[in-house]
Amino acid sequence: MNKTIIVILLLTSFTYVTAQEFDRQAIRQAVQRQMLAYPASTLKDIYKNFFQDAFGPGHILSDSPDAEQLMLRYLESECKEAANDPNPSPDYELTGWHGRFYRVNLSVVVSGKVPLDTFFSAFLTSARQFTLPRVTDWADEWAVIVEETEQLYPTLPDFTAHCQSIDHMLSQGRYASHHSDIYNSTYHPHYRLIERTLFEQQLLPLLR
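This is a predicted model, so every value here is computed, not measured.

**Student:** Looking at this structure, how should I read the overall build of the protein chain?
**Tutor:** Counting secondary structure elements, the protein chain contains 10 helices and 3 strands. Counting from the amino terminus, helix and strand elements in the protein chain follow one another as α-α-α-α-β-β-α-α-α-α-α-β-α. Across the 208 residues in the protein chain, those meeting the buried criterion constitute 42%. In the protein chain, the proportion of contacts linking residues at least 24 apart, taken out of those at least 6 apart, comes to 81%. Carbon and sulfur atoms make up 53% of the accessible area of the protein chain, which totals about 11800 Å².

**Student:** It is not clear to me how helix H10 (residues 196–207) should be interpreted in this structure. Could you clarify?
**Tutor:** What sets the pattern is the α-helix's 3.6 residues per turn: residues three or four places apart point alike. Among all positions in H10, only Leu198, Phe199, Leu203, Leu204 and Leu207 are buried. Projected down its long axis, H10 carries its buried residues within an arc of 150 degrees, all on one side. Near the N-terminus of H10, the side chain that reaches the backbone nitrogen of threonine 197, with its oxygen 3.1 Å away, is that of glutamate 195.

**Student:** Please explain the pattern of salt bridges as it appears in this structure.
**Tutor:** Side chains that differ in charge, positive against negative, can pair when their charged atoms come close. One pass over the full model with this rule turns up 8 salt bridges. Note that glutamate 148 is salt-bridged to arginine 24, the shortest N-O span being 2.5 Å. In this pair, glutamate 148 sits in helix H7 (residues 135–152) while arginine 24 sits in helix H2 (residues 24–37), placing the two residues 124 residues apart along the sequence. The exposure class assigned to arginine 24 is partly exposed, which follows from its relative accessible area of 33%. Residues participating in the shared-partner salt-bridge network are Arg24, Arg28, Glu147 and Glu148.

**Student:** Just checking my understanding: could you explain the nonpolar core for this structure?
**Tutor:** Here is a general trend for soluble globular proteins: nonpolar side chains tend to be buried in one another's company. Membership of the largest hydrophobic core comes to 27 residues, with the highest contact counts inside it found for Tyr47, Phe50, Trp138, Trp142, Leu170 and Tyr175. Counting only elements with at least two residues in this core, the list comes to H2, helix H3 (43–55), H7 and helix H8 (159–171). At 7 residues, H3 tops the list of elements feeding residues into this core. Ignoring any residue separated from it by four or fewer positions in sequence, one finds tyrosine 47 in contact with Trp138, Trp142, Ile166, Met169, Leu170, Tyr175 and Ser177. Core analysis: the second largest hydrophobic core is formed by 22 residues, Leu72, Tyr102, Val108 and Ile194 among them.

**Student:** Could you clarify how one ought to interpret the packing of H3 against H8 in this entry?
**Tutor:** Helix packing for two helices is described by the angle between their axes and how far apart those axes are. Two elements in contact, H3 and H8, have axes whose closest approach is 9 Å; the angle formed by their N-to-C orientations is 40 degrees. For the element pair H3 / H8, the angle class is oblique. Contacts from Leu43, Lys44 and Tyr47 in H3 reach Phe159, His162, Cys163, Ile166, Met169 and Leu170 in H8. Looking at the contact of H3 with H8 residue by residue, the classes come out as 7 nonpolar, 1 polar and 1 charged.

**Student:** Please explain the pairing of strand S3 (residues 191–195) as it appears in this structure.
**Tutor:** Along any regular strand the residues' side chains alternate between the sheet's two faces. Judged by how many residues are buried, S3 sits mostly within the fold: 4 of 5 residues are covered. Strand direction decides the pairing type here: strand S2 (residues 101–105) and S3, joined by 5 bridges, are antiparallel. Bridge assignment links phenylalanine 101 to a residue of S3, and that residue is glutamate 195.

Definitions and cut-offs
- Residues numbered from 1 in each chain as written.
- Predicted model: local features only at pLDDT ≥ 70, side-chain atom pairs only at ≥ 80, totals over all residues.
- Heavy atoms only, no water.
- Helix = DSSP H or I, 4+ residues; strand = E, 2+ residues; numbered from the N terminus.
- Buried < 20%, exposed > 50% of the residue type's maximum accessible area, 1.4 Å probe, protein only.
- Contact = heavy atoms within 4.5 Å.
- Areas by Shrake-Rupley, 256 points an atom, 1.4 Å probe, with all protein chains shown as cover.
- Arc of directions from axis to C-beta.
- Polar contact = N/O pair within 3.5 Å; in protein donor to acceptor, adjacent residues only side chain to side chain.
- Salt bridge = Lys/Arg side-chain N within 4 Å of Asp/Glu carboxyl O.
- Core = buried A, V, L, I, M, F, W, Y, C linked by side-chain atoms within 4.5 Å.
- Axes fitted to C-alpha atoms, helices over the stretch in contact; angles between N-to-C directions.
- Parallel < 35°, antiparallel > 145°, perpendicular 65-115°, else oblique.
- Nonpolar A, V, L, I, M, F, W, Y, C, P; charged D, E, K, R; others polar.
- Pairing = 2+ DSSP bridges.

Written out as structure tokens, the structure reads:
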């Protein structure tokens, strides 16, 4: 085969793979969903949404033999806080642009729609079964998300500072982040991440 044709084929293949990996339209739609649902969001909150889609809840599990019991006690305590929230978020909503996980509001437990043990079991299974991506791969994906976010919402508060802070964190091999203070004070988030298929098969029927 002609060398020129081989080069063209390789370039075409590379372009196709890249386009599949980073669907910019899907990314823009996910950013817009975030901002429509939570207009007080900052770049930190957009980061957390997409980061959760990439990493799920697996990063919070420790090797401690008491980890599960501690997490259960913390969940029970947070459910009591959620019970006092006058304006809870939706019962569930997809994360990021892949939609690998749902953020499932603790209000579904508080209301009695989903038993605590069923909820906690689904959360633990979600955390154990998901393979964490490489931080370098996630950093490449995040760079594309930032580009699309800046085009859509160039006046987000503290955009540059948050962008630099997140880039510095990723450069050190770290990736976990928190909601911004304004997000926490405005929306009082109380949720756990549940893997999409697991949620749709085990929890969603209970909510319907």
